[in-house]
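Descriptive structure summary
Here are the chains, one letter per residue:
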Amino acid sequence: MTGASHLRPEFVEFIPDRLELGVLYISRRYATASHLCCCGCEREVVTPLNPAKWRITEREGKVSLAPSVGNWSFPCRSHYWISANRVQWATAMAPEIIQAVQARDRRDAELHVPKPQGWVRRFAGQLAEASSVLLSKFKAWWR
Ligand SMILES: [Zn+2]
């Protein structure tokens, strides 16, 4: 199984039934783009193009897709960016994710230090707020 390290943009009216690995099909008319998962698993990735989903930017004939493509529902769980036709794998970011999770775990551990009831309740409230902020940042990054 070979993946794609580059995607060639192809502007089409309709997304074809059979996609070719390494091609990013873009239909402006139907505001959608499709490609085969860059890991080579041959699953079709559909990225609707609208402000709530993805956007395509074109520069000197090269396209970028934002935000990143995270194929969580596929067995491969591929995560990559398409930037100027290049496929950039997200694995390089993994240490940052681990750090974020570890920081949250440390805060959780602090919660378990025995303290008077009222203090714990206050602290737990602050913690819940802090971790939801962290979690939403995390989710925003993770899209
Ligand atoms: Zn895949």
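Everything below is about the structure shown above.
Because the structure is a prediction, the values reported are computed rather than measured.

Some thoughts on the coordination of the zinc ion
The zinc ion binds to the protein through Cys-37 (SG), Cys-39 (SG), Cys-41 (SG) and Cys-76 (SG); the donor distances cover 2.3 Å. Metal-centred angles of 106 to 113° between the four donor atoms at the zinc ion mark the site as tetrahedral. Between consecutive donors of the zinc ion, the numbers of intervening residues give the motif C-x1-C-x1-C-x34-C. Residue Cys-39 is found in the loop between strand 3 (32-36) and strand 4 (44-48), and its partner Cys-76 is found in the loop between strand 6 (62-70) and strand 7 (79-83); the two are separated by 37 residues along the sequence.

With respect to the nonpolar core
If you look at the biggest cluster of nonpolar residues, it comprises 19 residues, and the most contacted ones within it are Ile-56 and Tyr-80. For this core, the elements supplying multiple residues, two or more each, are strand 2 (23-27), strand 6 and strand 7. Here this core takes three residues from strand 6, the largest share from any one element. Those residues in contact with Ile-56, other than ones at most four positions away along the chain, are Leu-24, Ile-26, Ala-33, Leu-49, Val-63, Ser-64 and Leu-65. Of all hydrophobic cores here, the second largest spans five residues; its members include Val-12, Leu-19, Val-23 and Leu-36.

Side note on unusual backbone geometry
Omega for the bond connecting Ala-66 with Pro-67 falls within 30 degrees of zero, at -5°, which places this linkage in the cis form. The residue Pro-67 is located in strand 6 in this model. For Arg-77, which is not glycine, the phi dihedral falls at a positive 50°. For Arg-77, the location among the structural elements is in the loop between strand 6 and strand 7. What makes Arg-77 exposed here is its relative accessible area of 53%. The backbone phi angle of Ala-84 is positive, close to 50°, even though this residue is not glycine. Within the secondary structure, Ala-84 sits in the loop between strand 7 and strand 8 (86-89).

Thoughts on the sheet that holds strand 5 (residues 55-59)
Strand order across the open sheet formed by four strands is 5-6-7-8, with antiparallel pairing between neighbours. Both edges of this open sheet fall to strand 5 and strand 8, since each of them pairs with a single strand only. Here the strands of the sheet are splayed against their neighbours by 25° on average, with no regard to which way each runs. Pairing analysis gives four bridges linking strand 7 to strand 8, with the strands arranged antiparallel.

As for the side chain of Asn-71
Mapping Asn-71 onto the fold places it in the loop between strand 6 and strand 7. Given the relative accessible area of 5%, Asn-71 is considered buried.

Structural notes on the pattern of salt bridges
The final tally for this structure, using the stated rule, is four salt bridges. In this structure, the salt-bridge partner of Arg-8 is Glu-20, at a minimum N-O distance of 3.9 Å. Of this pair, Arg-8 sits in strand 1 (residues 8-11) while Glu-20 sits in the loop between strand 1 and strand 2, and the two are twelve residues apart along the sequence. The class for Glu-20 is partly exposed, based on a relative accessible area of 45%. What emerges from the salt-bridge pattern is a single network uniting Arg-8, Glu-10 and Glu-20.

Definitions and limits used
- Residues numbered from 1 in each chain as written.
- Predicted model: local features only at pLDDT ≥ 70, side-chain atom pairs only at ≥ 80, totals over all residues.
- Heavy atoms only, no water.
- Donors = N, O, S within 2.8 Å, 3.2 Å for Na, K, Ca; no water.
- Tetrahedral: all angles 85-135°; square planar, octahedral: opposite > 155°, others 65-115°.
- Helix = DSSP H or I, 4+ residues; strand = E, 2+ residues; numbered from the N terminus.
- Core = buried A, V, L, I, M, F, W, Y, C linked by side-chain atoms within 4.5 Å.
- Buried < 20%, exposed > 50% of the residue type's maximum accessible area, 1.4 Å probe, protein only.
- Contact = heavy atoms within 4.5 Å.
- Pairing = 2+ DSSP bridges.
- Axes fitted to C-alpha atoms, helices over the stretch in contact; angles between N-to-C directions.
- Salt bridge = Lys/Arg side-chain N within 4 Å of Asp/Glu carboxyl O.

The values reported here are purely geometric and, on their own, carry no functional implication.
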